[in-house]
Amino acid sequence: MDWAALQDAARAASAHAYVPYSKYPVGAAALTEDGRIVTGANVENASYGLTLCAECSLVSALHMSGGGRLMAFSCVDGAGNILMPCGRCRQLLHEFRAPGMQLMTISGIKTMDEVLPDAFGPENLG
């Protein structure tokens, strides 16, 4: 896994963030099962509650570029510091994960199961 390339892609994505209110750009990048890197950036809204996290725009980009499952994920702030996805975004990433998906976290590389143990997902709705 080329974690440095994922971090670089996340940093580049953060440059496209729309953050006129918080001034806190976030970029995300993920590797898909078929080898593509998809990216996303946060997009704020004056009502804050309608703000899209970088993970949301990443998942949209995933589907717009052919779909698939995520194998590896990295998220950074505008300065390139590693960020941990919030609980909502962990749930979103869980939905689109490949088996064994890994995330770069502030505590090192972890699996999705480690950052969202006992998660509820599509398999629970069968």
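Our subject is the structure listed above.
Residues numbered from 1 in each chain as written. Predicted model: local features only at pLDDT ≥ 70, side-chain atom pairs only at ≥ 80, totals over all residues. Heavy atoms only, no water.

Asker: How should the overall build of the protein be read in this particular structure?
Answerer: Counting its regular elements, the protein contains four helices and five strands. Tracing the protein from N to C terminus, the helices and strands come up as α-β-β-α-β-α-β-β-α. Across its three principal axes, the protein shows a C-alpha extent of roughly 40 × 30 × 30 Å. Out of the 126 residues belonging to the protein, those deemed buried represent 42%. (Helix = DSSP H or I, 4+ residues; strand = E, 2+ residues; numbered from the N terminus. Buried < 20%, exposed > 50% of the residue type's maximum accessible area, 1.4 Å probe, protein only.)

Asker: I tried to follow the state of the cysteines on my own but got confused; where do I start?
Answerer: Defined simply, a disulfide is a covalent bond joining two cysteines at their sulfur atoms. Scanning the model with the defined rule gives zero disulfides in all. In this structure C53 is not part of a disulfide, and its nearest cysteine sulfur, from C89, lies 3.6 Å away. On the accessibility criterion, C53 (24% relative accessible area) is partly exposed. Considering cysteine sulfurs only, C89 is the nearest to C75, which forms no disulfide, with 7.7 Å between them. Accessibility expressed as a relative area gives 2% for C75, which makes it buried. (Disulfide = S-S within 2.5 Å.)

Asker: Help me understand the side chain of Q7, please; the structure alone is not making it clear to me.
Answerer: Following the sequence through the fold, Q7 ends up in helix α1 (residues 3-14). For Q7, a relative accessible area of 16% translates into the label buried. If we skip the residues at most four places from it in the chain, Q7 touches S74, V76, G80, I82 and M104. (Contact = heavy atoms within 4.5 Å.)

Asker: Teacher, can you tell me more about the pairing of strand β4 (residues 97-105) here?
Answerer: For a regular strand, the rule is simple: side chains alternate between the two faces of the sheet. One ladder, built from three bridges, connects strand β3 (residues 70-77) with β4; its direction is parallel. When the bridges of β4 are listed, F73 appears paired with L103. Both β4 and strand β5 (residues 108-111) contribute to a ladder of four bridges, which runs antiparallel. Looking at β5, one finds that L103 is bridged to K110. Between β4 and β5, which follow one another and run antiparallel, lie two residues. (Pairing = 2+ DSSP bridges.)

Asker: Sorry, what's going on with the packing of aromatic side chains here?
Answerer: The geometry of two aromatic rings is summed up by the distance between their centres and the angle between their planes. Counted according to the given criterion, the structure contains one aromatic pair. Between Y21 and Y48, the aromatic rings sit 6.0 Å apart at their centres with planes inclined by 70 degrees, giving edge-to-face as the arrangement. In this pair, Y21 sits in the loop between α1 and β1 (26-32) while Y48 sits in the loop between β2 (37-41) and α2 (54-64), placing the two residues 27 residues apart along the sequence. Note on Y21: relative accessible area 39%, which makes it partly exposed. Looking at Y48, the relative accessible area reads 52%, which means it is exposed. (Phe/Tyr/Trp six-rings, centres within 6.5 Å; stacked < 30°, edge-to-face > 60°.)

Asker: Would you explain the sheet that holds β4 in this entry?
Answerer: Adjacent strands of a sheet form backbone hydrogen bonds with each other and so pair up, either parallel or antiparallel. Reading across the sheet, the five strands line up as β2-β1-β3-β4-β5 and stay open at both edges, with mixed pairing between neighbours. Every interior strand has two partners, whereas the edge strands, β2 and β5, have only one. Each strand axis lies, on average, 20 degrees off the axis of its neighbour in the sheet, ignoring direction. On top of the sheet, helix α3 (residues 87-95) reaches β3 and β4; it is set at about 145 degrees to β4, its chief contact. (Axes fitted to C-alpha atoms, helices over the stretch in contact; angles between N-to-C directions.)

Remember that the coordinates give geometry; whether it matters functionally is a separate question.
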